[in-house]
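What follows is each chain in one-letter form.
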Amino acid sequence: MNLKKYFIRALHRLQKGPGYTYKELLVWYCDNTNTHGPKRIIKEGPKKKLIWFFLTLLFASLVFWQWGILINTYLSYNVTSSLSIGFKTMKFPAVTVCNANPFKYSEVKHLLKELDRLIEAALERILQPTQGNSSENISPPLDLELWHQIPLVLIDEHDKDNPIILDIFESKQSPEGNQTTAGNQTTTGNETTVGNQTVAGNQTAVGNETAVGNETTAGNQTAPPSAPANATSEEKKYKLAVKLCSHQGSDNCTYRNFTSAAQAVTEWYILQSTSILSKVPLQERIRMGYQAEDMILACLYGAEPCNYKNFTQIYHPDHGNCYIFNWGMDEEALNSSNPGAEFGLKLILDISQQDYIPYLSSAAGARLMLHQQKSFPFLKDQGIYAMAGTETSIGVLVDELERMGYPYSDCTMNGSDVPVKNLYSQYNTSYSIQACLRSCFQNHMIEICGCGHYMFPLPEGVNYCNNEDNPGWAYCYSSLRSSIRHRQICIDSCKETCNDTQYKMTISMADWPSEASEDWIFHILSYERDMSTNVTLDRNGIIKLNIYFQEYNYRTISESAATTIVWLLSSLGGQFGFWMGGSVLCLIEFGEIIIDSLWITIINVIGWCKGLKQKRAQARYPDAPPTVSELVEAHTNLGFQHEDGGGLPRDEALPPEPGTPPPNYDSLRVQPLDVLGPDSDAETE
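Residues numbered from 1 in each chain as written. Predicted model: local features only at pLDDT ≥ 70, side-chain atom pairs only at ≥ 80, totals over all residues. Heavy atoms only, no water.

Asks: Honestly, the packing of aromatic side chains in this entry has me stumped. Any pointers?
Replies: For any two aromatic rings, the description comes down to two numbers: the centre-to-centre distance and the angle of the planes. Following the criterion strictly, the structure yields 24 aromatic pairs and no others. Aromatic side chains phenylalanine 87 and tyrosine 552 sit 5.9 Å apart centroid to centroid with 55 degrees between the ring planes, which places their arrangement in the tilted category. Placement of phenylalanine 87 in strand E1 (residues 79-87) and of tyrosine 552 in the loop between strand E21 (542-549) and strand E22 (553-561) is noted, with a sequence separation of 465 residues between them. In this structure an aromatic cluster arises from ring pairing among Phe87, Phe92, Tyr301, Phe311, Phe325, Phe549 and Tyr552. Here lysine 88 stacks its cationic end above the ring of tyrosine 554, 4.8 Å away from the centre of that ring. (Phe/Tyr/Trp six-rings, centres within 6.5 Å; stacked < 30°, edge-to-face > 60°. Helix = DSSP H or I, 4+ residues; strand = E, 2+ residues; numbered from the N terminus. Lys NZ or Arg CZ within 6 Å of the ring centre and 35° of its normal.)

Structure representation (structure tokens):
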């Protein structure tokens, strides 16, 4: 009820406004507004009025065009990066050190024995091919079942139009007609299709691998044709490839092609050893790796001595046992008191290169990485090597990155808004985009291949892939790694962290120890580790590390909004004032005329509704309503009928009757003279 009264009162006030028509309102606005231009339209002559109307319309269009550009610029949420340099006492980074070789060969030799025999026999047949040299002549016989799960094959390309797939371990020489040769060759980009086979060119999928389509099984030739001793590289037209099939004996196979046999052998050995080691329990794998007391010979942080007990051990699938200094999990992170090598971390490591797995680790040295506290070290992506027999000095500079969150960038503070389940959370580490990408890939691997890859953590209830339980896992893994669609899904799902710390390293090396001092240094280190007077260490297994802050100046790269709401309002006002001489009050005036127009529209709508209602009433009562005398006559004289041709239906309600019956007016009627009797005059007299 109060709302209705307020509405009626406002409507009455509106009727006292500037006008009752749109024309009157527009004239009133042009005459009273503070915006330049509209006043001249109504006050000038016809010619100038036209000119001013055109100029006002033109500049108003320019204002709205500029406003659109400014609003679009603001909604794009651009950022500007600023660099600032500060000086403060900084936390020393977490330092992760690993051996380039994940396991001691003496500890895993019994697991890789058959694998080593297979690759040695294969290399002998590849490098020194002789006719009739077959696997049946080797004693004890080779485990060809292990070989055929993921075999190595040769692709003979002496005839580019008819390449031949050669089986390395084939017991008998097959006739020439049974060799797998070309049918109709089709070339598309860098891929070569041979009959039903597709032999890769130089596509890069995983490492130097080439992913190919559907291919048949290999041919039946025993070994590659031997090249002359003086043959050039152009004449040696055969390549070593890894054959991966969806299941053993299947024609749906992929050949991972390599330009060098060394790469092919290493990749093949990694795939086979992954299958074998994935079945070994974690504690057993930790036992077979390098222990901290054997690897860390000396430690000094600043002026304080330290030892292997100050390191936290984690198992890394690529490098075995890794040890982290100043990880900050169980205790407060250490601060560096001063810049310079004498205030940093000094380590002496023994990598025991003589106990390396020959076909698994072709590089010798220590793998190390500097990272933030409570973050997982991804050494394969961000780690560096330290060479044996050297002293490696690493000077550190700190860059702090501060990104703006939504809507300026798609970053995350702690990964809670990322749809990918972080499998590295079992280490109680902070979120990182590397952890997200690997977790996403492992989830896809489990979903598509039915098992998890050995190099990534596993969720509960899932097993690692191996050749016995999952014969086609290597084919599935290779296809998934080369799939651009799955890769893009993970890239779109994962986010960068909003705040990050990066360590820029300056690395220098020198031979250590020198020839003059190596004798006594090796004696002392051998005695401290093995309690032996004999030298048990040599230059090929010793590494010295110096890690320190170069200076206490740190750089902060921070993002700030390129456009703010203050910038937007000032830019909008500037354009409006420049083109039309307007201000915020002019906008209020414009809003006022819009409100007045709405009120006039409401009045017109109400008037139209009333007129429509009256038209409907007239259609219901086409003639004029009866007069009072007609109503009285109808009440007193039941035989009276109103002069209405159609009349009202009997069942329709008549207009309302008076509340009290009318008086009898018959005595007032004038009667004819012949009706009056003689008694009438007498009574009158």
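Asks: Looking at this structure, how should I read the sheet that holds strand E16 (residues 384-386)?
Replies: Pairing between the strands of a sheet comes from backbone hydrogen bonds, and it takes one of two forms, parallel or antiparallel. With antiparallel pairing, the 5 strands of this open sheet are ordered in space as E12-E13-E2-E15-E16. Across the chains shown, the open sheet's two edge strands, defined by having one partner strand only, are strand E12 (311-316) and E16. For this sheet the average axis-to-axis angle between neighbouring strands, irrespective of direction, equals 30 degrees. Bridge analysis of strand E15 (residues 366-371) against E16 gives 3 bridges, and the strand direction is antiparallel. When the sheet's bridge partners are listed, alanine 366 is paired in E16 with alanine 386. (Pairing = 2+ DSSP bridges. Axes fitted to C-alpha atoms, helices over the stretch in contact; angles between N-to-C directions.)

Asks: Explain the side chain of serine 493 here, please?
Replies: Positionally, serine 493 belongs in helix H13 (residues 484-493). Only 2.8 Å separates the side chain of serine 493 from the backbone oxygen of isoleucine 489, close enough to count as a polar contact. Not counting chain neighbours up to four residues away, the residues in contact with serine 493 comprise Val418, Pro419 and Val420. (Polar contact = N/O pair within 3.5 Å; in protein donor to acceptor, adjacent residues only side chain to side chain. Contact = heavy atoms within 4.5 Å.)

Asks: Which parts of the structure should I look at to understand the UniProt feature "transmembrane region" (unreviewed entry) in the protein chain?
Replies: In the UniProt entry, the feature "transmembrane region" (unreviewed entry) is given for residues 50-75. With 100% helix and 0% strand, residues 50-75 has end C-alpha atoms that lie 38 Å from one another. (UniProt positions renumbered as here; feature names shortened; annotations may be inferred.)

Asks: In this structure, what is going on with the environment of threonine 564? I would like to understand it.
Replies: Along the chain, threonine 564 turns up in the loop between E22 and helix H15 (565-580). A C-alpha to C-alpha distance of 9.8 Å links threonine 564 and leucine 75, two positions 489 residues apart in sequence.

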